[in-house]
Amino acid sequence: MSTNRTFARPFSAVLGLSLLGFVFLDVPADATAVSQSSPGVRVGVVRVSAKMDTHVLRSRPGRVFGKSRVMSAQPGLAESLVAFTAPRLPQAANATDAKFCFTSATTSSARVKVWAAPVWGWNERTTWRKRPANSGLAVGVAATRSIAGRRSCVDVPTGLVAGKSAFRLQTTSGTARVMSKESANGPQLVVAYSKKPPPKPTPTPTPTPTPTPTSPTPTAPAPTTTSFPCLSSYTSLAGLLWRGGDCATTPGYTTSRLPATPGANGTETAKLRTLAGSMLNIDEYSEPVYDASPTTALRKVTCVSYGCIGGASAPIVGTELVAPGSDSQISIVDVARRRTFELWNVQRDADGTVKINADGSVTAGAMSVVDLDGRGNKTAEGKNLNITGAGVSRLFGLVMAHEVRAAAVSPATAIPHALQVSLPTSMNCAGAFREPATKTDGRVTSGSCVTEGARVVIDASFDCRTMSAKMGQAICFAMQKYGAYVMDNNGSQNMAVYSQHRRSWASGRSDYAAAGINGDYQGLGLPTKSMTVLTSWSGL
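Residues numbered from 1 in each chain as written. Predicted model: local features only at pLDDT ≥ 70, side-chain atom pairs only at ≥ 80, totals over all residues. Heavy atoms only, no water.

Side note on helix α3 (residues 470–481)
Move 1: Taking 1.5 Å of rise per residue, the 12 residues of α3 would be expected to cover 16 Å, and the 17 Å separating its terminal C-alpha atoms lies within 8% of that figure.
Move 2: Counting buried positions along α3 yields 9 of 12 residues, so the element is predominantly enclosed.
Move 3: For α3, the set of buried residues is Met471, Gly472, Gln473, Ala474, Ile475, Cys476, Phe477, Ala478 and Met479.
Move 4: Within two residues after α3, glycine 483 carries a phi angle of roughly 85 degrees, on the positive side. (Helix = DSSP H or I, 4+ residues; strand = E, 2+ residues; numbered from the N terminus. Expected span 1.5 Å × (residues − 1). Buried < 20%, exposed > 50% of the residue type's maximum accessible area, 1.4 Å probe, protein only.)

Below, the structure is given as structure tokens:
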């Protein structure tokens, strides 16, 4: 659940891999095999050849190997990257199984491991120095001996290959060589599917007349008023998520103003100030947010990677646009049910909207159903969330549509809450987190680092009005008053600030433009040298 980006390129004929271990399977050579598993159910297989692949060597950190035909890989010294376009399944078909397959170029005892990789952030000219960060999601391992010319496959979650996908091959032992996309035996995705015929319409029964009651209907008792710890004031046009209401005894993490002299963590502050810059996510890895109608029915959600937390259904119509990045995320706010439904790695149709399976369900890698009247890091039952690296809601600290519009008019007051940010993978600590985070996906195991859940502020002495874009000013003012929480990794060298997806409301593009933002990942110019990491979320 990180943030990364980029794609493109032609490739070498044989790819060297540092690999770890696999399930080895011989895959039939026919392109699409179709059979009948049961009456009326059509099954088949679709194969997708690699769109892009390359490898990088630690011993040559600045060298490009995009045209190499055969390359060696050794543990920690070489690795390969392979990317695919989305598989084209028949209309209304549902993926039931998926495998990533490759062909060994030589015989060896290498143990090969496959990881999910970002579909952006690399191409045929990528070097060891500029290779994308590891996603942390291991797809499969095989310890079986690799044999020259043998096809080997590893099972992958179907949700992982619903759109563009990419994989990283590494080794824990031995040397491996793999055929690249320019070979006849290049890497492939093999996706099995099933397709059911449309259900027959159910005849409408003749309604039975309701008899007129002979006695008065008793009056229903008035509903009991529930007291929430941090009542949300959110509506589709304004208001706050987990930021307003009665927070006297349990303060809202994002609405609490900072003390005049907050406590600073000197070591983490020094690390943070080495950032290359800052940017705003408004498209690939921003959050599409939609409001559920009170009449929207719940659909079953199947979570194939990390499970569904807090529920297994969501009020999804199917017209909602999914974020185009490899996270494929979407969030739905249901004010009537007092929940947010936050999905990651959602299977999508060719037009980018949520894919509705033949049985009416939706497939995702993970989902968290968050208590709208909690504090943004738990389900209504008090369970931890699985939807971001730090275990908080994707909407926690998100800059919303009405705040984007306000930034163009009054930057100083446009965003009345703390923000959500991510840092480069080289910065976040492994194995440590602090409130409001409930977990971490940090990877730094030695040296200085920043703890996920940390609250970051901009020094009050900095003049936010000197920044060129109105949105940059608004974010600067918010970080001076409320700060920002570190909640994830990203694949850049910048701090990434998260804002609502520009295509999830009608005037999104023009609203961002009015605030001075004209593209995804636009630099904000935040004063990273004037940022401080606090010792605790409260600043005390």
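From this point on, the discussion continues.
Examining the packing of aromatic side chains
Geometrically, a pair of aromatic rings is defined through the distance of the ring centres and the angle of the planes.
Move 1: One pass over the full model with this rule turns up 9 aromatic pairs.
Move 2: On the numbers, 5.5 Å between centres and 50 degrees between planes, the contact of tyrosine 306 with tryptophan 344 is tilted. Taken as a pair, tyrosine 306 in strand β15 (residues 299–309) and tryptophan 344 in strand β18 (residues 339–344) lie far apart in primary sequence, 38 residues in all.
Move 3: Ring centres 5.5 Å apart and planes at 75 degrees place the aromatic pair phenylalanine 396 and tyrosine 485 in the edge-to-face group. Highlighted residues: phenylalanine 396 in the loop between β19 (362–371) and α2 (401–409) and tyrosine 485 in strand β24 (residues 484–490), separated in sequence by 89 residues.
Move 4: Accessibility expressed as a relative area gives 2% for phenylalanine 396, which makes it buried.
Move 5: Within the aromatic cluster, the residues linked to one another by ring pairs are Phe84, Phe100, Phe102 and Phe167.
Move 6: Positioned above the aromatic ring of tryptophan 128 is the side chain of arginine 131, whose terminal nitrogen or guanidinium carbon lies 3.9 Å from the ring centre. (Phe/Tyr/Trp six-rings, centres within 6.5 Å; stacked < 30°, edge-to-face > 60°. Lys NZ or Arg CZ within 6 Å of the ring centre and 35° of its normal.)

What to know about the sheet that holds strand β16 (residues 313–314)
Move 1: Spatial strand order, β14-β17-β18-β19-β15-β16: 6 strands in an open sheet with mixed pairing. Of all strands in the sheet, those bounded by a partner on one side alone are β14 (289–291) and β16.
Move 2: Summarising the sheet, β14 and strand β17 (residues 330–334) pair through 3 bridges and their orientation is parallel. In the sheet register, aspartate 291 faces β17, and the bridge partner there is valine 333. (Pairing = 2+ DSSP bridges.)

Side note on the sheet that holds β24
Backbone hydrogen bonds are what pair the strands of a sheet, in a parallel or an antiparallel way.
Move 1: Pairing is mixed across the open sheet formed by 7 strands, whose spatial order is β26-β13-β25-β20-β24-β23-β27. Where the open sheet ends on each side, the last strands, each with one partner, are β26 (522–523) and β27 (531–533).
Move 2: Bridge count between strand β23 (residues 455–458) and β24: 2 bridges; the pairing is antiparallel. Residue pairing across strands places arginine 455 opposite tyrosine 485, the latter belonging to β24.
Move 3: Along the sheet, α3 makes contact with β13 (277–281), β20 (419–424), β23, β24, β25 (494–498) and β27, crossing β23 at roughly 115 degrees. (Contact = heavy atoms within 4.5 Å. Axes fitted to C-alpha atoms, helices over the stretch in contact; angles between N-to-C directions.)

Function cannot be read off these values alone, since they describe shape.
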